[in-house]
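An overview of the molecular structure
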Amino acid sequence: TGDSPSSWEPLMRSDSVRGMDLYIGPFHRAAIESLGRVANNVPIVCPVPQSNKVLLGNPTVMKVVSGKPDQIQELARFIAEHHATDHVLLCLADIYGEREMQRQMRWQLRVAMQAKGASLRDSVPEVLCPRRDISKLISLLDTGRINVVVVPSEDVEFITTVVNKLAPLEGKYRIVLYGMNAWTDINTLDLRAMEKLRTHVPASSFIDYQYPPVDAFIRRYRERYRNEPGEYAFLGYDVTLYYCSALMQFGNSFPQHFAEVSAAPLHLAFRLGKLGPENGYRNGSAVVLEYKDNGLHPAQ
């Protein structure tokens, strides 16, 4: 379809895209909206990361890569499941642009804690810290309990401060650190410090290179393309496998049978639900990863 309206609009007006049972792609939000106007209510799969805005007013569009709100929700569930009786602290950067992310984390932690039962607290103590000073957070650490520090921030300076200041304290305190997926792209963070703090982050998916089907896929990919499969190779395989399986098993009514689809994706789970009556479907599946043994692994 190309990457500009001048290339995809003529295609959308042609007969070559009509009469399908399923569309996988295009990648761009504007192109998806353009296809939606001529697709006659046929499902359109957005196979790459996109904002949930692509689903608004587009009831046949399906976004398969979970977004930040889904990851925050999964992280909050994990924290409530594993640390409901521990000393949980919500560490907030004094950064205006992160307030919405902080609000989402605060709300999801509250919901997750409440779901654990009335005998447990339904809110988490909060501490607001400047970019370079977390002394207020450190003053609240408890030597007698596991300190679970939740940091909904993507600011490199603040994250670096948190990791570098907390790591030397592990030993005097028992600390488990929870952050955001954006942390995985910060190459300047000390991985040994991250492991020491048992740092956890959410993700939309995870490629387990020890999983035999993944190994088999990589070998076959190398044989066919003489190259190494990247993230988009795995994403393309899983999306095509899942949706073509759904189409073969349930025909055009497959959106009513998402929970019954029999498929074995390599790295991406599918938990699709409608964003609203007039909107499309989002994949709410996410995974929590932990820094350990020189890399990221699914948290237990």
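Refer to the structure presented above.
Read on for an overview of the structure. None of the values given here were measured: they were computed from a predicted structure. (Residues numbered from 1 in each chain as written. Predicted model: local features only at pLDDT ≥ 70, side-chain atom pairs only at ≥ 80, totals over all residues. Heavy atoms only, no water.)

Our next topic: the state of the cysteines. Scanning the entire structure with this criterion turns up 0 disulfides. Cys-91 provides the cysteine sulfur closest to Cys-129, a residue in no disulfide bond, and the two sulfurs are 4.2 Å apart. Of the cysteine sulfurs around Cys-244, a residue in no disulfide, the closest is that of Cys-46, at 16 Å. Residue classification places Cys-244 among the partly exposed positions, given a relative accessible area of 32%. (Disulfide = S-S within 2.5 Å. Buried < 20%, exposed > 50% of the residue type's maximum accessible area, 1.4 Å probe, protein only.)

Right, let's get into the packing of helix H3 (residues 68-83) against helix H4 (residues 99-115). Running from N to C, H3 and H4 cross one another at 40°; their axes reach a closest spacing of 8 Å. Accordingly, the angle class assigned to the pair H3 and H4 is oblique. Like other packed secondary-structure pairs, H3 and H4 cross with a definite hand, here right-handed. Contacts from Lys-68, Pro-69, Ile-72, Gln-73, Leu-75, Ala-76, Arg-77, Ile-79 and Ala-80 in H3 reach Met-101, Gln-104, Met-105, Gln-108, Leu-109, Ala-112 and Met-113 in H4. (Axes fitted to C-alpha atoms, helices over the stretch in contact; angles between N-to-C directions. Helix = DSSP H or I, 4+ residues; strand = E, 2+ residues; numbered from the N terminus. Parallel < 35°, antiparallel > 145°, perpendicular 65-115°, else oblique. Left-handed = near helix turned anticlockwise from the far one by under 90°. Contact = heavy atoms within 4.5 Å.)

This part covers helix H9 (residues 231-250). The terminal C-alpha atoms of H9 lie 28 Å apart, and with 20 residues this matches the ideal 28 Å at 1.5 Å per residue to within 8%. Residues of H9 that are buried include every one of Ala-233, Phe-234, Leu-235, Asp-238, Val-239, Tyr-242, Tyr-243, Ser-245 and Ala-246, and no others. Where the residues of H9 are buried, they touch strand S1 (23-24), strand S2 (44-46), strand S3 (61-63), helix H8 (212-225) and strand S9 (272-274). Gly-251 lies just past H9 and shows a positive phi near 65°. (Expected span 1.5 Å × (residues − 1).)

For the rest of this paragraph, the subject is the layout of surface pockets. Computed from the structure, the largest pocket encloses a volume of approximately 890 Å³. In terms of lining residues, the largest pocket is bounded by 34 residues, among which Asn-181, Ala-203, Ser-204, Ser-205 and Glu-231 are the most central. For the lining of the largest pocket, the elements supplying multiple residues, two or more each, are H3, H9 and strand S12 (296-298). Across the lining of the largest pocket, the residue classes break down as 14 nonpolar, 14 polar and 6 charged. Its boundaries defined by the atoms lining it, the second largest pocket holds a volume of some 280 Å³. Pro-213, Ala-216, Phe-217, Arg-220, Tyr-221, Arg-224, Tyr-225, Tyr-237 and Leu-266 are the residues that line the second largest pocket. Ranked by residue count, the leading element in the lining of the second largest pocket is H8, at 7 residues. When its residues are assigned to classes, the lining of the second largest pocket shows 7 nonpolar, no polar and 2 charged. (1 Å grid on protein atoms, 1.4 Å probe; cavity = no way out; pocket = protein on both sides within 12 Å on 5 of 7 lines; lining within 4 Å. Points joined across faces, edges and corners; volume = space filled by probe spheres on them. Nonpolar A, V, L, I, M, F, W, Y, C, P; charged D, E, K, R; others polar.)

Attention shifts here to the pattern of salt bridges. The tally for this structure, following the rule as stated, stands at 13 salt bridges. Note that Asp-190 and Arg-192 form a salt bridge whose closest N and O atoms lie 3.9 Å from each other. According to the relative accessible area criterion, Arg-192 is exposed, its value standing at 68%. (Salt bridge = Lys/Arg side-chain N within 4 Å of Asp/Glu carboxyl O.)

This brings us to the side chain of Thr-161. By the element assignment, Thr-161 lies in helix H6 (residues 156-166). At 3.0 Å, the side chain of Thr-161 and the backbone oxygen of Arg-131 are in polar contact. With residues near it in sequence (within four places) discarded, Thr-161 still touches Arg-131, Arg-132, Asp-133 and Ile-134. (Polar contact = N/O pair within 3.5 Å; in protein donor to acceptor, adjacent residues only side chain to side chain.)

Bringing the nonpolar core into the picture now. Ranked by size, the top nonpolar core spans 54 residues in total, and within it Leu-137, Val-149, Val-150, Val-163, Leu-166, Leu-177 and Trp-183 carry the most contacts. Val-65, Ala-246, Leu-272 and Tyr-281 belong to the second-largest nonpolar core, a separate cluster that totals 17 residues. (Core = buried A, V, L, I, M, F, W, Y, C linked by side-chain atoms within 4.5 Å.)

One open sheet accounts for 5 strands, arranged S1-S2-S3-S10-S9; its pairing is mixed. Each end of this open sheet is capped by a strand with a single partner; those strands are S1 and S9. Across the sheet, helix H2 (residues 29-36) lies against S1, S2 and S3, angled at about 175° from S2, the strand it touches most. (Pairing = 2+ DSSP bridges.)

Residue position: Ser-66 is located in the loop between S3 and H3. On the basis of relative accessible area, Ser-66 is assigned to the buried category, the value being 5%. Excluding residues within four positions of it along the chain, Ser-66 makes contact with Gln-71, Ser-204, Asn-283, Ser-285 and Ala-286. A distance of 2.8 Å separates a polar side-chain atom of Ser-66 from the backbone oxygen of Ser-285.

Quick look at the packing of helix H1 (residues 5-13) against H2 now. Where H1 meets H2, the closest approach of the two axes is 10 Å, and the angle between their N-to-C directions is 15°. Compared by their axis directions, H1 and H2 come out roughly parallel. Judged by the sense of rotation from one axis to the other, the crossing of H1 with H2 is right-handed. Within the contact between the two elements, H1 uses Trp-8, Glu-9 and Met-12 and H2 uses Ala-30, Ala-31, Ser-34 and Leu-35. Here the residues of the contact of H1 with H2 are counted per class, giving 5 nonpolar, 1 polar and 1 charged.

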